[in-house]
Amino acid sequence: MMGTIDLDQCDPDFVKDLAGEPGGGNISACFTCRTCVASCPISAINREFNPARIIRMALYGLKEEILKSDFIWLCSTCYACQERCPQGVSITEFMTLLKNMAIREGHAPAGIRAQLKLVKGEGRIYPIDDFDNKKRNKAGLPPLPTSCEAIKELF
Amino acid sequence: MKYALFLGCTIPARARNYELSARKVAEKLGIELVDIESFMCCGFPIKAGDIDSSELLSAYNLCLAQERGLDICALCSSCTSALSEVAHHLSSNERRREQINERLSAVGLEYKSSPRVRHFARILFEEVGEEEIKAHFKKDLSDLRIASHYGCHFLKPSEVHDHFDDVEDPDSLDALVALTGAEVVDYPVKKKCCGGPVLPVDENVALSVTKEKLESLRDAGADALCLVCPFCSVMYDGNQKSIESGYDTSFKLPVLYLTQILGLAMGFGRKELGLNMNVVKTKELTAKIGL
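Residues numbered from 1 in each chain as written. Chains lettered and ligands numbered in written order. Predicted model: local features only at pLDDT ≥ 70, side-chain atom pairs only at ≥ 80, totals over all residues. Heavy atoms only, no water.

As annotated in an unreviewed UniProt entry, chain B is Cysteine-rich domain-containing protein from Candidatus Desulfacyla euxinica.

If you look chain A up in an unreviewed UniProt entry, it shows as 4Fe-4S dicluster domain-containing protein from Candidatus Desulfacyla euxinica.

Here it is as structure tokens:
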């Protein structure tokens, strides 16, 4: 994380781009009380993840630095920050928006990309095979389909 | 009482003990759970990667229940939250609904209105009620000290769950556990996340979050942890051993689904509740109640 801000790195349109998307509209209401940081189970363990700082970086237009970062992926989407924000900033939704934007720009951890491919290809994160159905049958549970046609029509 | 049972991805493949015990408890309480084979992933796992596709999957699943005239009962907190959230968005955003319907027309579906989406534990808490549940109990669990883990998406975001429990001081699960006679254990980090969603990104961070709660539960002297989400179970039950060896510590804390605990009180046997499938051994625990 940089100590000083390089203004040449700032994208003044970033805040406007964010404002047009769900979760990005109300970040300018943040008055840096840091209730989000104090509530965050991840910040407590890894100081690299700091929701208040990410909001501030976004407001400064540090688009590239945010979207290329590893830290945005550390948000566990627990909603502790969003529930407690006195300014009503949808912090968890904002983090989800940043992750979505990062992927659109080609930056995403391999694990996230793999999940996306699996769900959009198979319709399930753990596709069911005959062996699963055998185990289900043994436990007295009904069988589930081993393939999903609708997913191919949807995507 | 009749609901479409939404299993999601993790439960049918990785948490058959949860599914088994939930079906047993539902049957005992006269809740009819209808299986819809064509349900897919709820959309939650791809929300971080592609929110449009995530919403489309949620809407697809909501439509399947809606066209059968059924409300949804989900066992997984993330499924409950993802489906509820999309129902919430689509009820107030006509433009989004039109976009979604354009995509859904490819599979001959139309999103008109949403069915109600409820977590099984919320149905027990709000709709079945204490007296009805207790009427089916045969066994007293008062020799057990049980702590609850609410997790995140069972309650939050609170507006999509109709604020049915207080996110800062929840008591729905504790109230259900208390019905069995078990002593409800309070502990300092009760409201914290399991760390699960971070697992595919940074295992060390995720397991550190999990460890913090396990330590707190050990200090509080809990005999078992009660939870209502298969992903939380992956963290506390499935990964407990690797946390013990990674941090050179010991917990040996049995982690049970709420439905397994209620099932024990209803007099079901260990195998009927899938207790043999829990990763951390539960035999010592059930021996305390004569099983």
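From this point, the discussion proceeds with the structure in view.
**Some remarks on the domain arrangement of chain B**
Residue and element names in this part refer to chain B. Applied cut-off: Each domain's extent was defined by an automatic or database domain assignment. Two residues form a contact once any of their heavy atoms are found within 4.5 Å. The term buried area refers to how much accessible surface (probe radius 1.4 Å) is lost by two components on association, counted for both of them together. Think of it this way: any DSSP run of H or I at least four residues long counts as a helix, any run of E at least two long counts as a strand, and we number them from the N terminus.
Taken as a whole, chain B is organised into domain 1 (2-120) and domain 2 (138-287). Just the C-alpha atoms count here: the centres of domain 1 and domain 2 sit 24 Å apart. The partner domain 2 presents 25 residues to the 26 residues of domain 1 that form the contact. Note on domain 1 versus domain 2: buried area summed over both sides is about 2,200 Å², and carbon and sulfur give 72% of it. Mapped onto the side of domain 1 that touches domain 2, the elements with two or more residues apiece are α1 (10-14), α2 (16-28), α4 (77-92) and β4 (117-119). Counting residues per element, the side of domain 1 that touches domain 2 draws most heavily on α2, at nine residues.

**As for the layout of surface pockets**
Selection rule: Of the grid points, spaced at 1 Å and generated over the protein atoms alone, those admitting a 1.4 Å probe that cannot get out make up cavities, while open sets with protein on both sides within 12 Å along at least five of seven lines make up pockets; any residue with an atom within 4 Å of a point is treated as lining. Grid points are joined across faces, edges and corners, and a volume is the space filled by probe spheres set on the points. Residue polarity follows a fixed list, in which Ala, Val, Leu, Ile, Met, Phe, Trp, Tyr, Cys and Pro are nonpolar, Asp, Glu, Lys and Arg are charged, and the others, Gly among them, are polar.
Empty space within the largest pocket amounts to approximately 820 Å³. If you trace the largest pocket, you find 45 residues lining it, with A:Gln115, A:Ile125, A:Tyr126, B:Thr10 and B:Phe231 closest to the centre. Counting residues per element, the ones that place at least two in the lining of the largest pocket are α6 (91-104) and α7 (110-122) of chain A together with α1, α2, α4 and α10 (230-238) of chain B. Here the residues of the lining of the largest pocket are counted per class, giving 28 nonpolar, 11 polar and six charged. When its volume is computed, the second largest pocket comes out at roughly 540 Å³. The residue makeup of the lining of the second largest pocket, split by class, is three nonpolar, 10 polar and eight charged.

**Structural notes on the pattern of salt bridges**
Residues and elements named next belong to chain B. As a reminder, the rule being used: Salt bridge, as used here: a side-chain nitrogen of Lys or Arg that lies within 4 Å of a carboxyl oxygen of Asp or Glu. To sort residues, take the accessible area from a 1.4 Å probe on protein chains only and compare it with the maximum for the residue type: under 20% means buried, over 50% means exposed, and anything in between is partly exposed.
All chains considered together, the criterion is met by 26 salt bridges over all chains. Here Asp52 ties to Arg96 by a salt bridge, and the two come within 3.4 Å at their closest N and O atoms. Taken together, the positions of Asp52 in helix α3 (residues 51-67) and Arg96 in helix α5 (residues 94-104) put the pair 44 residues apart, joining distant regions of the chain. By relative accessible area, which is 47% here, Asp52 ends up partly exposed. Given the relative accessible area of 16%, Arg96 is considered buried. Put simply, Arg116 and Asp71 hold a salt bridge, and the shortest N to O gap is 3.1 Å. Of the two residues, Arg116 sits in the loop between α5 and β4 while Asp71 sits in strand β3 (residues 71-74), which places them 45 residues apart along the sequence. Take Arg116: its relative accessible area is 34%, and that puts it in the partly exposed class.

**Thoughts on the environment of B:Glu110**
Residue and element names in this part refer to chain B. Examined against the element boundaries, Glu110 turns out to sit in the loop between α5 and β4. With 44 residues separating them along the chain, Glu110 and Gln66 place their C-alpha atoms 9.6 Å apart. If sequence neighbours within four positions are ignored, Glu110 has contacts with Cys63, Gln66 and Asn101.

**Focus on the sheet that holds strand β8 (residues 255-257) of chain B**
Residues and elements named next belong to chain B. Quick note on the threshold: Strand pairing follows a simple DSSP-based rule, namely that at least 2 bridges must link the two strands. A fitted line through C-alpha atoms represents every axis, and for helices the fit uses only the stretch in contact; the resulting angles, taken between N-to-C directions, go from 0 to 180 degrees.
On the basis of which strands lie adjacent, the open sheet formed by four strands has the order β6-β5-β7-β8 and parallel pairing. The open sheet has two edge strands, β6 (183-185) and β8, and neither has a second partner. Ignoring strand direction, the axes of neighbouring strands in this sheet form an average angle of 40 degrees. Both strand β5 (residues 145-148) and strand β7 (residues 224-227) contribute to a ladder of three bridges, which runs parallel. Each bridged residue has a counterpart across the sheet, and for Ser148 the counterpart in β7 is Cys226.

**Some details on the packing of helix α3 (residues 51-59) of chain A against α6(A)**
In a packed pair of helices, the relevant descriptors are the angle between the two axes and the axis-to-axis distance. Residue and element names in this part refer to chain A. Threshold: Angular relationships are summarised with four words: roughly parallel below 35 degrees, roughly antiparallel beyond 145, roughly perpendicular across 65 to 115, and oblique for the angles in between. The crossing is said to be left-handed when, going from far helix to near helix, the turn is anticlockwise and less than a right angle, and right-handed when the turn is clockwise.
Closest axis-to-axis distance for the α3/α6 pair is 11 Å, and the angle between their directions is 60 degrees. Here α6 runs oblique to α3, going by the angle between their axes. Two packed elements cross with a definite hand, and for α3 against α6 that hand is left-handed. Here α3 contributes Pro51, Ile54, Ile55 and Ala58 to the contact with α6, which in turn contributes Ile91, Phe94, Met95 and Leu98.

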